[in-house]
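The lines below spell out each chain.
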Amino acid sequence: MNGQDEVFNGRTIKKSEFAALLSHAGCGICAYKMVAGERPRMMYMTEGFCKICESDKESIYQAYEEDRLFGVRKEDRKKVEAAIARAVATGKEQEVTYQAVCVSGSEKWCTLRLNPDRRDDDTTILFGTFFDVTKQMASQQGLRKLIKNLQANQQILEAATRNAGVWYWNCLWRRNVAHMGARFQKDFALPEKVTDFCSVMCSDHVIEEEYWAEFEAMCDKITAGEKEAEATVRGRFADGTIHWMKFKLTNIFDENHVAREAVGIMHIVDDIKELEHRYEIEKRHAAEDKDLLMHFCMNVSEWKMVDYVGNYVADNGGGNVTVDRIGVLIAQDAIEPGIREQILKLHDRSFLLKSFAEGENEFSLEYQRTLESGKCIWVRTALHLMTDPNGTDLLLFEYCYDINLKKTINILMEFAVNDDYDLMGFVNMQDQKAIMIYGKNSYNPHRKPILENDYQKSLMDFAENSVVKEERERYLELADLSSVAEYLKTHDNLEFYFSMKTEEGQIRAKKVRYLKYHQDERSIVFIQSDITQLRAEQMKSQMVLEKALADAKVASHAKTAFLSQMSHEIRTPMNAIVGMAKLAQQTEDEKERSRYLNQIGASSQYLLGIINDILDMSRIESGKLELHPQWIAGGALVLECIEMLKPSIEEKKIHFIYPGINKESRVRFYLDPLRIQQIYMNLMNNAVKFTPEGGTIELSIRNIWNDGHSGLDQMKIRDTGCGMSEAFLQRIFLPFEMEENEFSANVQGTGLGLALVKSYITAMGGKIWVESELGKGSTFTFEIPYKARLAEPEQTVAGNREWMNLEGRRILLVDDHPLNREIAKKLLEHEKMEVVMAADGAKACETFQEAPENFFDAVLMDIRMPKMDGLESTRQIRRMARKDAQEVPIIAMTANAFDEDVQESLRVGMNAHLTKPIEPEVLYQTLREHIAKKSTKFDSEE
C-alpha cells in the first residue's frame, strides 16, 4: 500500500490515479495491523490523514509509536478504544465520533469509520477512515453516510467516494472505454465496463435530452486535453428518481504531459439548484407585491449592501442607505421602544450569523411606525437568510409591507369575535378617520362592507337616520369622539345602549362599546351589536331562574323532609337495638335475655334493609343501575319468596292464594335473579304489611305470549288491605313517598320500595301499574319480557350438601379488623371448625403458601384491607403452582355490597360473595355447599 500500483476490477491503478481519486474524497485513511497479544502497528496513511492531524507522516508515525491513541482527546479515549475493540471482536464495521487534538494544539471533531478484515493467520487489518466533521458538528447538519468497506484497494476507493457523496468512474479515451464504480453500476443499472461512455449517458436511460449538448461538451473538452471539465444536468436514477447532477472529469497525464485517461465523479446538487431557484424568487419578489414599501439585499458575510429599493427610510445623516445604518433608520420610526430593540437586534451581524448556523433563517415582525407625513400605519418586516447559489456568502433579503388595512380589520375581528356585530370601527385619533366594517343588519348608506370615512360625519348621519328621536341627543353626546377619548383616559371601556329604527320600521335594541387598542391613546375601537334577542332571552332566563329557584326550594324542602323521615326511620330500629342491648345486659333471666336478643336481631335486619334501599336508589338516580341476567328457575325463585314471607302471613292469619308452581320445571328464564326477587319481595311484603288480620292476598301469573325462545308474563298481586287514595296514586312510584292515613300510621317504611320496583322493571323492559281504592285494597300488575330455554336434566350428587358436618374443617379467615375477625372466629368455632387468621391479603398468601397442600378446606376473604386487598390476594393464590390453589373455595366476606362488587369478586376467582353483616346460617350453608363441591370433585378424580 506504500507507493505500489494497485489492482482494481482486474486492471492496474497507478499511484497518481489513486491519489487523484482520493483527493475528491475529503477524508483521511489509515490501515492498522492487529495481532492478538501484540501492540497494534500502523501500516499506511494518506495525505488526507496528515492534513486532519496538521502534521507530516514521519511525526505522526513517531507519535503513534509513543501513544496508539495519538490525537484523541482524553475524555473521548474510552469510547474510541471501545469502538476498536468491538470492530476486532465482532469483525463488523464500527463508527465513532470524537474530539481530536492536533499536533499544533488545535482541536477539531472527527468521525472515524473502522472496517476490520480478518485474515487466515489470526491477523486483523483494521481500515480507519477519518473525516473532519468540525463544520458539520457546529451547524448540526450531520454527515452523509461514511465509508463501509476498506478490505482492499477497491474497498478504499469505493468507500471513500461513496462516503464523500460522489459517484466514481474511470475513462480510457484512447480505447473509448469507461470502468464504472460499484455505486455507479448499482444506481444507474450500468455494467462495470461501458463502451462509448458519452453516448450511453446521453440517452433516455440517464441524462435528459435537453442537457445532452452540455454533457457532450464536457466530454469533448477532456478528450481535447483540458485538465478539468464539468457539467450540471438533470438525470434519472435506475429507481426512476430525477435529480440535478454535477459531473466533473479530471485528466491524468503521463510523463510526457499527454492525457492518458480521466477520472470522473458525480455529485447530487439538488440543494444548490434549490438555492438558485430561491435566489431568483427573492429577486422577483420585490417587483410583484403592490403592498411592498421597501426591500433590500445585504451580503452578511462581507457586510455590505447589495441592493436597496424604496423610500421607506430616510437617512437624516445624508448620503446613501448603508449596511451600518439600515437597522437604526428602520428602528427610529417604530412607535414602541420594545420593537425598536428587536429591529436593532435583527440587523446585528453576529446575531444573523449565529441564527443561520443554528438553523433559523426566517424572521417576521409586525409593528406600528410613523411616516414622514405623521400618519401612523401598521407594517410587517420579513427577513430571509440564505446562502448565495455558489454556497459561499450569506445573504439577507428584507421586505417591508404596508398591512394597515388588513391589520385594522384583524384588530376589529379580535374585539368582535364574541359579538354578533352590526358595525365595527377603528378610529385614528390624529386625523379622526375611521375604517368601518358594516354588518348586514346595520344602517349602511354606502352599501359597501368596508369603508374609510370621517368619524364625526358618519356619526351625525347615523343618528339622524337610525337612532330613535327620543334617544338621539343622548346618543350624540355619548358617542362624541372627544368625550369618548376623555372617558377612556380613566376607564378600560365605554359601553351604552340605545334603540334604533330599521328601514323596515322595526325597533331594535343596540349596544355600542368603545375601547382603547393596547393602551394606545391614538387609536380607538368601537363595536355596535344587536341585543334585541339577547334581551328577550334574558327575560326568558329570568323566568327560568325564578322557576328554578322555586323548584330548588321545593327540592330543599323535600330533602329536609327526607332527612327527617330517614332520621326517624333509622333512629327507630337503632333505639330498639340500643334499648334492648341495655336490657339484655341488666336482666338475669335467660328467657328475657333471649327475647331481647331476638328483637335486636329483627331491628338490625330492618335497619340493614333501610340502608340497602337508600343505596340502591342512590345508584339508580346516578344512572349506575346494572342488571346481571342469568339462566334461572323462575318457579323456584317465586316459591323461595313465598317461603320467606310465610311466618308473617301465618302470624296475621292472612289467607294467601297462589297458583301451583312446578319447582322441578326445566324451563329456565334469562333474568337478573336478585332484582326479580326484590320485585316480588317488595310487592308481596307491602301486601302483607297493609292487609289486616284475616284478610286475603292473591298472587296470579299469566303467560301473554311465548314462542319457545322468548315470551312475556303478567304477574298480579291483589290484596284486601287499606288501599290508597286517587291523589296518592299519581306519585306512588316516586322516591320517599308514603301515604299518611289512619290505616298506614302503624306501618314502618322508607317510601323507597315501590320506586325501586318500578326502576328494576323498567330496566328489564317491562312495565307496572296499580289499581286501588282507599279502604278496599290494591292490585299491582307488572309485565316482564324474557328469553327462555329448557335446561338439561340435573345429575344428583351423592351426599347431602345441605347438612354436611362442618366439624374439623380448617378455615383461613382473612380480615384486617380485629373485631370482625373475633366475631367470625366465634361463629366458625361454634360449628367446631378450626380457624387460622390473617390480618391482610399479603399475610393470607404467605399463610396459604406455607401450609401443606389441601390443608385448608376454605378461605373467607375480606376485600378492603391494607398492604394487599382481598381481590389481589385471591389472584395470587389462584396463580400459585399447587393443585389446591385452583380448587380451594374462596368466599368474599365484605361490606362491599353492590352488584359490581359481587361480579368483581367472581371475576378474580372467588366462589361466592357474602355481604356484612354476616348471617350465621347463610355463612354455614355457603361453606357446606362449596366444600361439598370441592370434596365431590376430589372423589371423582380419585
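Residues numbered from 1 in each chain as written. Predicted model: local features only at pLDDT ≥ 70, side-chain atom pairs only at ≥ 80, totals over all residues. Heavy atoms only, no water.

Visitor: In this structure, what is going on with the overall build of the protein chain? I would like to understand it.
Guide: A count of helical and extended segments in the protein chain gives 29 helices and 36 strands. The burial tally for the protein chain puts 44% of its 942 residues in the buried class. In the protein chain, once contacts between residues fewer than 6 apart in sequence are set aside, the share between residues at least 24 apart is 55%. Within the structure as shown, the protein chain displays about 51,000 Å² of accessible surface, and the carbon and sulfur contribution to it stands at 50%. (Helix = DSSP H or I, 4+ residues; strand = E, 2+ residues; numbered from the N terminus. Buried < 20%, exposed > 50% of the residue type's maximum accessible area, 1.4 Å probe, protein only. Contact = heavy atoms within 4.5 Å. Areas by Shrake-Rupley, 256 points an atom, 1.4 Å probe, with all protein chains shown as cover.)

Visitor: What's the story with the pairing of strand 12 (residues 242-253) in this structure? I'm lost.
Guide: When a strand is regular, its side chains alternate between the sheet's two faces. In the sheet, strand 11 (residues 228-236) pairs with strand 12 via nine bridges, with the strands oriented antiparallel. Bridge pairing in strand 12 links Ala229 to Leu249. In sequence, strand 11 turns back onto strand 12 through a hairpin of five residues, with Gly240 there showing a positive phi of about 95°. The antiparallel pairing of strand 12 with strand 13 (residues 259-268) creates a hairpin that spans five residues between the two strands, and His257 there sits at a positive phi of about 60°. (Pairing = 2+ DSSP bridges.)

Visitor: I tried to follow the nonpolar core on my own but got confused; where do I start?
Guide: A general trend in soluble globular proteins is that nonpolar side chains are found buried together. Counting 41 residues, the largest nonpolar core has Ile679, Tyr680, Leu683, Met684 and Phe782 as the members making the most contacts within it. Contributing elements (two or more residues each) for this core: helix 20 (634-651), strand 27 (667-671), helix 21 (673-690), strand 28 (696-706), strand 29 (710-719), helix 23 (753-763), strand 30 (767-773) and strand 31 (777-790). In contact with Tyr680, other than residues within four places in its own chain, are Val638, Cys641, Asn685, Leu699, Ile701, Met715 and Phe782. Judged by nonpolar contacts, the second largest core, of 31 residues, contains Cys198, Met201, Ile207 and Cys219. (Core = buried A, V, L, I, M, F, W, Y, C linked by side-chain atoms within 4.5 Å.)

Visitor: Got a minute to help me understand helix 26 (residues 870-878) in this structure?
Guide: Because each turn of an α-helix spans 3.6 residues, side chains separated by three or four positions end up pointing in the same direction. For helix 26, the full list of buried residues reads Gly870, Leu871, Ser873, Thr874, Ile877 and Arg878. Down the axis of helix 26, the smallest arc covering the buried residues is 165°, so these residues share one side. Elements that come into contact with the buried residues of helix 26 comprise helix 25 (841-850), strand 34 (858-861), helix 27 (883-887), strand 35 (890-894) and helix 28 (899-907). Near the N-terminus of helix 26, the side chain that reaches the backbone nitrogen of Leu871, with its oxygen 3.1 Å away, is that of Asp869. (Arc of directions from axis to C-beta. Polar contact = N/O pair within 3.5 Å; in protein donor to acceptor, adjacent residues only side chain to side chain.)

Visitor: Explanation requested: the UniProt feature "modified residue: 4-aspartylphosphate" (unreviewed entry) in the protein chain in the structure shown.
Guide: UniProt's feature table lists "modified residue: 4-aspartylphosphate" (unreviewed entry) at Asp862, given in the numbering used throughout. One can find Asp862 in the loop between strand 34 and helix 26. Here Asp862 is in contact with Val814, Asp815, Asp816, Gly870, Met893, Thr894 and Lys916, once residues within four sequence places are set aside. (UniProt positions renumbered as here; feature names shortened; annotations may be inferred.)

Visitor: I would appreciate a short explanation of a nonpolar patch on the surface in the present structure.
Guide: A contiguous nonpolar patch, built from Ile570, Met574 and Val578 and spanning about 230 Å² of accessible area, is present on the exposed surface. Among the structural elements, Val578 can be located in helix 18 (residues 532-586). (Patch = residues over 30% accessible without salt bridge, like charges linked within 9 Å, V, L, I, M, F, W, Y side chains within 5 Å. Salt bridge = Lys/Arg side-chain N within 4 Å of Asp/Glu carboxyl O.)

Visitor: Is there a simple way to think about helix 21 in this case?
Guide: With 18 residues, helix 21 extends 26 Å between its outermost C-alpha atoms, agreeing within 8% with the 26 Å of an ideal straight helix rising 1.5 Å per residue. Along helix 21, the residues classified as buried are Pro673, Arg675, Ile676, Gln678, Ile679, Tyr680, Asn682, Leu683, Met684, Asn686, Ala687 and Val688. N-capping of helix 21 is provided by Asp672, with a side-chain oxygen placed 3.1 Å from the backbone N of Leu674. (Expected span 1.5 Å × (residues − 1).)

Visitor: What should I look at first to understand the environment of Leu674 in this one?
Guide: Here Leu674 is to be found in helix 21. Placed 225 residues apart in sequence, Leu674 and Asp899 show a C-alpha to C-alpha distance of 9.2 Å.

Visitor: Is there a simple way to think about the packing of aromatic side chains in this case?
Guide: Centre-to-centre distance and the angle between the planes together describe a pair of aromatic rings. By the definition in use, this model includes 23 aromatic pairs. Taking 6.0 Å as the distance between ring centres and 70° as the angle between the ring planes, the aromatic pair formed by Tyr475 and Phe496 counts as edge-to-face. Here Phe496 lies in strand 22 (residues 493-501) and Tyr475 lies in helix 16 (residues 469-479), a separation of 21 residues in the sequence. On the basis of relative accessible area, Tyr475 is assigned to the buried category, the value being 5%. Measuring from ring centre to ring centre gives 5.0 Å for Trp631 and Tyr670, while their planes differ by 50°; the resulting arrangement is tilted. Here Trp631, found in strand 25 (residues 630-632), pairs with Tyr670, found in strand 27; they are 39 residues apart in sequence, far enough to count as distant. Classification of Trp631 as partly exposed rests on a relative accessible area of 30%. On the basis of relative accessible area, Tyr670 is assigned to the partly exposed category, the value being 29%. An aromatic cluster of at least three residues, connected via ring pairs, comprises Tyr455, Phe462, Tyr475, Phe496, Phe498, Tyr514 and Phe526. (Phe/Tyr/Trp six-rings, centres within 6.5 Å; stacked < 30°, edge-to-face > 60°.)

Visitor: How should unusual backbone geometry be read in this particular structure?
Guide: What is expected of a backbone is that most residues other than glycine have negative phi and most peptide bonds are trans. The backbone of Ala189 shows a phi angle near 55°, a positive value even though the residue is not glycine. Of note, Ala189 is situated in the loop between helix 7 (182-188) and strand 10 (193-195). Backbone geometry places Lys867, a non-glycine residue, at a positive phi of 65°. You can see Lys867 is positioned in the loop between strand 34 and helix 26. For Lys867, a relative accessible area of 78% puts it in the exposed group.

Visitor: What is the right way to look at the pairing of strand 9 (residues 177-180) in this model?
Guide: Across the two faces of strand 9 the burial is the same, with Val177 and His179 and Ala178 and Met180 all buried. Bridge analysis of strand 9 against strand 10 gives three bridges, and the strand direction is antiparallel. Looking at strand 10, one finds that Val177 is bridged to Thr195.

Visitor: Help me understand the side chain of Asp815 in this model?
Guide: Looking at the secondary structure, you find Asp815 in the loop between strand 32 (810-814) and helix 24 (818-830). Residue Asp815 is classed as buried on the basis of its relative accessible area, which comes to 2%. A distance of 2.9 Å separates a polar side-chain atom of Asp815 from the backbone nitrogen of His817. Excluding its chain neighbours within four sequence positions, the residues that come into contact with Asp815 are Asn820, Arg821, Ala838, Ala839, Asp862, Met865 and Lys916.

Visitor: Explanation requested: the packing of helix 15 (residues 455-465) against helix 16 in the structure shown.
Guide: When two helices pack together, you describe them by how their axes are tilted relative to each other and by the distance separating the axes. The geometry of helix 15 relative to helix 16 is characterised by a closest axis approach of 10 Å and an angle of 160° between their N-to-C directions. Between helix 15 and helix 16, the interaxial angle falls into the category roughly antiparallel. Here helix 15 runs over helix 16; the crossing is right-handed. Each of Tyr455, Leu459, Met460, Phe462, Ala463 and Glu464 in helix 15 lies in contact with helix 16, whose residues at this interface are Arg472, Tyr475, Leu476 and Ala479. Broken down by class, the residue content of the contact of helix 15 with helix 16 amounts to eight nonpolar, no polar and two charged. (Axes fitted to C-alpha atoms, helices over the stretch in contact; angles between N-to-C directions. Parallel < 35°, antiparallel > 145°, perpendicular 65-115°, else oblique. Left-handed = near helix turned anticlockwise from the far one by under 90°. Nonpolar A, V, L, I, M, F, W, Y, C, P; charged D, E, K, R; others polar.)

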